[in-house]
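What follows is each chain in one-letter form.
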Amino acid sequence: MKRKILSILLSGLMVLAVAACDPKQPPVDANGGPNVTETVPADADPGTEMGTQDWTLPEVNWGDGLFNGKTLIDDHFEDGEEFAWGTYSNGGLFELYTENGEMVVDISKTGTLDYSTQVSRDGFELNQGGVYECSFTIRCDIERSFEWRYQINGGDYHAYYKEYDVPIGPEPQRISATFTMEEENDDMPRFCFNLGRFDGMDNTSHKVYIDDFNLTLVDASNAKAPKEEEKPLALKVNQVGYKPGDNKKVVATTGEKVTAFKVCDAETGEAVYEGTFADERVISKNGDGDTYTGDFSDFTAEGKYYISVDGLDNSYSFEIGNNVFDEVTKATVRMLYLQRCGCETTNELAGVYAHPACHNTDAKIYGTNDYIDVTGGWHDAGDYGRYVVAGAKTIADLFMTYEDSSASRGDNYDIPESGNGVPDILDEARYELEWMLKMQAENGGVYHKVTCEQFPGVVMPQNETEELVVAPISTTATGDFAAVMAKAGKIYRQYDGAFASKCSEAAVKAYAYMEENADKDKTGFINPPEIVTGEYPDGDNTDEYVWAAVELYIATNDPAYLTKVRELTDKTFKGGLGWADMGTYAMYDFLKAKGYMETPVEFNLPADDTRSIQEIYASMSDVDYVRMKFSEKLKLFAETALEYSTTDPYFSSLRIYPWGSNMTIANNGILYRMMYNLTGDEVYNEYARYQIDYLLGVNAVAYSYVTGFGEHAAEHPHHRPSQAIGKAMPGMLVGGPNTSPADPYAIKVLSKKVGGSCYCDNDSAYSINEITIYWNSPLIYLLEVYK
């Protein structure tokens, strides 16, 4: 009997999710507690990067017991036996199934690399000093070679033990080997059969048969015991700090009620302030127990401090000072410079992350023999792809920062253009805009992305040298392009008139493409069969179309664009501040330009006005009608999110944490600040500021989610340059808690966690700890506004 387990096709979608690098997964609905203003990143490249993966994590005993003869894996592939093997494809084409008591790898195409076709097994631990025996039976219906290996499941994927170029053929052979784990404990390693292309092979289809796979800990006498789980500190503070006039909160998570706390000088240990916790406890939805909040807002003395509570460990340290956010703000902006593609980043400005020009060859337009220059732009995330929709969201945040915060207009952020008389935040945005202009086709449409066909290994950017491919045009990329180019045409006018005009012309050309094609293309972008890099799919282009029409109307005052805005406003379109849902950018910019409408127009009419609502709406001007609709929608989004934030001990609007939840937190901070800017309501201003506290340490796991900032900051991001160098690039906002983790490491270590506790700082956890340019950009906005 043949039991089919899964089929990996070259066109298969990655297990990714929105996420960072690969957003590449369908957006996650942020409702139900989560953020109603957007569907989380589908981006995230995160990880599955490197190819197409599928796997099942088996049920195993994760107990600490280490003893001689302990069986870790014993798979015989019989009917009824749980199947725990997975696949990875980087150009290979194959199926995996069980048949007649064997696991069968049915290979149609090996791919070009030895690991292009890979079958793997997770769900065991390797302990330093332990002696392990691995054995299995294998045969193949042709003569070929293969590799088997135990490896780290992340980072550089190096082998703990391997046997390479092992010959096999039709006759079954029993392979057995004993090895000692020399490295530190690994609680989530991976066993792999690499069945891709080896020397002397062609692409002849064939089958590999595997049976009776066993892994045993034969000698545990010198094995190192598993490390105990680290528990978060009970006292949560913003680990970067507070300005003297900020609201300052400490959150205590404890099983017993706490009443008093002290602010202590970090150098002397002297108590300099005493405060009390609120009597009311808040039950956290994060599995971390009861919480109590203390307020020390009236303590304003500059210095470095920590919080002390009897019976609890001291909090991490923090500073109070007028310039407390300057360095972290600068680093989050400079992260964009460090992500630049196509140019040298210098030792002087980039330090250990410097690299020569990369990805500077012409790229092939998919489906043609034509090549174009698309050099430049930012590497999107932990990999080196460049995506228009991701870049557009990032630029939108930078433009909004420039407009809403005069403090953001500095010219001294240590990028190559610093000191040129143009705010560095605009110089950095322009670097991406110049690349986006190259992505526009002659017909006005905009190519969705440029990447290699496959994700790269853990290499620096200059070492990804496969052919670049320009993916087909999408209406979502085109609509986003039209919006940011229209806005660029206004913003850069005072700095470079020629560049501004170029942007404006490109926006009009892109919008014309939208007029012709928006209604025809409702499926969203889908990766061609050969391309497995981040997809950023989005089946609804209405919000991008609205955004484009709004920005062109604001830029030109042409009533034709306003007419289209009104027409589209009557449709259901997605609000949001994520790459898939751009509608809130449109609403905010329109209301900034034309004014927020506090109450619906029908409530301001005379009592004797007998017209129907439909008649009233029909009589309204386009401007007032759109103002009314946008005001209602924006207010609903903000009020819904705020209701959750005000009842959460960490000020979070989320109850379900999606892939890239930290972007949702930062985006909600922007949403609250938008409402404050439009209405003057101080509650929105207060909670916008609290989102910074959450991201910098006031959260269930007491982590600062910004690399390099905070005493307990994320140190192991899923980010190729950081992994290749062995040191986290500073100023990157990691994805954060994910209640539906999608990588093997996170699935295992977070299996008993809930809510905002679903976080782990590990570079294998791509669904948790990747980074992206458009996760950084909303944090840039908040830091620039409040620094």
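Residues numbered from 1 in each chain as written. Predicted model: local features only at pLDDT ≥ 70, side-chain atom pairs only at ≥ 80, totals over all residues. Heavy atoms only, no water.

## A few points about the overall build of the chain
The helix and strand tally for the chain stands at 17 helices and 27 strands. In the chain, which comprises 787 residues, the proportion classed as buried is 61%. The averaged location of the 125 negative side-chain charges in the chain is 3 Å from the averaged location of its 64 positive side-chain charges. (Helix = DSSP H or I, 4+ residues; strand = E, 2+ residues; numbered from the N terminus. Buried < 20%, exposed > 50% of the residue type's maximum accessible area, 1.4 Å probe, protein only. Lys, Arg positive; Asp, Glu negative; His and termini not counted. Charge placed at Lys NZ, Arg CZ, Asp CG, Glu CD.)

## Topic: the sheet that holds strand S14 (residues 235-236)
Reading across from one edge, S14-S16-S20-S19 is the order of the four strands in this open sheet, with antiparallel pairing throughout. The open sheet has two edge strands with one neighbour each: S14 and strand S19 (282-283). Inspection of the sheet shows S14 paired to strand S16 (residues 249-253) by two bridges, in the antiparallel sense. Pairing of Leu235 across the sheet is with Ala252, part of S16. (Pairing = 2+ DSSP bridges.)

## Regarding helix H12 (residues 661-679)
Spanning 19 residues, H12 covers 27 Å between terminal C-alpha atoms, matching the ideal 27 Å at 1.5 Å per step. Along H12, 16 of the 19 residues are buried, which leaves the element largely enclosed by surrounding structure. Two residues or fewer after H12 comes Gly680, characterised by a positive phi angle close to 80°. (Expected span 1.5 Å × (residues − 1).)

## Regarding unusual backbone geometry
Its identity is not glycine, yet Asp165 carries a phi of approximately 55°, on the positive side. Along the polypeptide, Asp165 turns up in strand S10 (residues 159-168). A positive phi is found at Phe651, a non-glycine position, where the angle reads about 70°. Positionally, Phe651 belongs in the loop between helix H11 (622-645) and H12. Here Phe651 falls in the buried class, since its relative accessible area comes to 5%.

## Observations concerning the pairing of strand S18 (residues 271-276)
By the bridge criterion, five bridges tie strand S17 (residues 260-265) to S18 in an arrangement that is antiparallel. When the bridges of S18 are listed, Cys264 appears paired with Ala271. Between S17 and S18, which follow one another and run antiparallel, lie five residues, and Gly269 among them has a positive phi close to 80°.

## Things to note about the packing of H12 against helix H13 (residues 682-695)
A pair of packed helices is characterised by two quantities: the angle between their axes and the separation of those axes. Viewed as axis vectors pointing N to C, H12 and H13 meet at an angle of 160°, and their least axial separation amounts to 7 Å. Classified by the interaxial angle, the pair formed by H12 and H13 is roughly antiparallel. Our pair here, H12 against H13, has a crossing hand that is left-handed. Here Asn662, Ile665, Ala666, Gly669, Tyr672, Arg673, Met675, Tyr676 and Thr679 of H12 lie close against H13, whose contacting residues are Glu682, Tyr684, Asn685, Tyr687, Ala688, Gln691, Tyr694 and Leu695. Of the residues assigned to the contact of H12 with H13, the class counts are 10 nonpolar, five polar and two charged. (Axes fitted to C-alpha atoms, helices over the stretch in contact; angles between N-to-C directions. Parallel < 35°, antiparallel > 145°, perpendicular 65-115°, else oblique. Left-handed = near helix turned anticlockwise from the far one by under 90°. Contact = heavy atoms within 4.5 Å. Nonpolar A, V, L, I, M, F, W, Y, C, P; charged D, E, K, R; others polar.)

## Looking at the sheet that holds strand S15 (residues 241-242)
In any sheet, the strands associate via hydrogen bonds between backbone groups, in a parallel or an antiparallel arrangement. Taken together, the five strands give an open sheet; going across it, the order is S15-S22-S21-S17-S18, and neighbouring strands pair in mixed fashion. With one partner strand each, in any of the chains shown, S15 and S18 form the two edges of the open sheet. Pairing of strand S21 (residues 303-308) with strand S22 (residues 318-320), which is carried by three bridges, proceeds in the antiparallel orientation. Residue Gly303 lies in a different strand from S22, and its bridge partner there is Ile320.

## Quick word on the nonpolar core
In terms of nonpolar packing, the biggest core is built from 156 residues, with Phe399, Leu433, Met436, Met439, Tyr492 and Phe630 touching the most fellow members. Among residues more than four places away in sequence, those in contact with Met436 are Val388, Ala392, Ile395, Phe481, Val484 and Met485. (Core = buried A, V, L, I, M, F, W, Y, C linked by side-chain atoms within 4.5 Å.)

## Here we look at the packing of helix H3 (residues 388-404) against helix H9 (residues 583-594)
Remark: H3 packs on H9, axes separated minimally by 12 Å, with the N-to-C direction vectors making an angle of 25°. In this view, H3 runs roughly parallel relative to H9, as classed from their interaxial angle. Our pair here, H3 against H9, has a crossing hand that is left-handed. Contacts between H3 and H9 involve Lys393, Ala396, Asp397, Met400, Glu403 and Asp404 from the former and Tyr585, Tyr588, Asp589 and Lys592 from the latter.

## A short note on the side chain of Ser645
Tracing the backbone through its elements, the reader meets Ser645 in helix H11. One polar contact links Ser645 to Tyr672, side chain to side chain, over a distance of 2.7 Å. With sequence-adjacent residues up to four places away left out, Ser645 is seen in contact with Phe651, Ser652, Ser653, Tyr672, Tyr687 and Gln691. (Polar contact = N/O pair within 3.5 Å; in protein donor to acceptor, adjacent residues only side chain to side chain.)

## Things to note about H13
Counted at 1.5 Å a residue, the expected span for H13 with its 14 residues is 20 Å, and the 21 Å between its end C-alpha atoms agrees. For H13, the tally of buried residues reaches 11 of 14 residues, placing the bulk of the element in the interior. Those residues of H13 that fall on the buried side of the exposure criterion are Tyr684, Asn685, Tyr687, Ala688, Arg689, Tyr690, Gln691, Ile692, Asp693, Tyr694 and Leu695. Between a side-chain oxygen at the N-terminus of H13 and the backbone nitrogen of Val683 the separation is 3.0 Å; the capping residue is Asp681.

## Considerations on the side chain of Glu464
Relative to the assigned elements, Glu464 resides in the loop between strand S26 (449-451) and strand S27 (469-470). Buried charge Glu464 goes without a salt bridge, the closest partner of opposite sign being Arg720 at 6.8 Å. There is a polar contact of 2.6 Å between the side chain of Glu464 and the side chain of His359. In contact with Glu464, not counting residues within four places along its chain, are His359, Tyr384, Cys452, Gln454, Pro456 and Val459. (Salt bridge = Lys/Arg side-chain N within 4 Å of Asp/Glu carboxyl O.)

## Describing the pattern of salt bridges
In this structure the tally under the stated criterion is 30 salt bridges. The residue Asp122 makes a salt bridge to Arg190 at a minimum N-O spacing of 2.8 Å. Here Arg190 lies in strand S12 (residues 190-194) and Asp122 lies in the loop between strand S7 (117-121) and strand S8 (131-140), a separation of 68 residues in the sequence. For the pair formed by Asp122 and Arg190, the shared burial category is buried. The partner of Asp397 in a salt bridge is Lys393, and the shortest N-O contact between them spans 2.7 Å. Of the two residues, Asp397 and Lys393 are both situated in helix H3; the distance of four residues between them amounts to about one turn of the helix. The structure contains a network of salt bridges with shared partners spanning Glu403, Asp404, Lys487, Asp589 and Lys592.

## Looking at the environment of Ala702
Here Ala702 lies in the loop between H13 and helix H14 (720-725). With near-sequence residues (within four places) excluded, Ala702 lies in contact with Pro232, Leu233, Lys236, Gln239, Tyr316, Gly697 and His712.

## Things to note about the packing of aromatic side chains
For the coordinates displayed, the defined rule picks out 53 aromatic pairs. Aromatic side chains Phe590 and Phe630 sit 5.6 Å apart centroid to centroid with 85° between the ring planes, which places their arrangement in the edge-to-face category. With Phe590 in helix H9 and Phe630 in helix H11, this residue pair connects regions lying 40 residues apart in the sequence. You'll find Phe590 and Phe630 in the same group, each marked buried. One Lys or Arg, Arg409, reaches over the ring of Tyr402 and ends 4.2 Å from the middle of that ring. (Phe/Tyr/Trp six-rings, centres within 6.5 Å; stacked < 30°, edge-to-face > 60°. Lys NZ or Arg CZ within 6 Å of the ring centre and 35° of its normal.)

## Quick notes on a negative patch on the surface
On the surface, Glu453, Glu466, Glu467 and Glu530 cluster together to form a negatively charged patch. As for its position among the elements, Glu467 is in the loop between S26 and S27. Given a relative accessible area of 40%, Glu467 falls into the partly exposed group. (Patch = residues over 30% accessible without salt bridge, like charges linked within 9 Å, V, L, I, M, F, W, Y side chains within 5 Å. Areas by Shrake-Rupley, 256 points an atom, 1.4 Å probe, with all protein chains shown as cover.)

## Some words on the environment of Val623
Among the structural elements, Val623 can be located in helix H11. With 33 residues separating them along the chain, Val623 and Phe590 place their C-alpha atoms 9.2 Å apart.

## Remarks on the confidence of the model for the chain
Mean pLDDT over the chain: 90, with 91% of residues reaching 70 or higher. pLDDT under 50 marks residues 1-51. Its contacts with residues more than four places away, or in other chains, come to 276 contacts. Across residues 55-63 the pLDDT falls below 50, and counting only partners more than four positions away or on other chains, this stretch makes 28 contacts in the model. (pLDDT = per-residue confidence, 0-100.)

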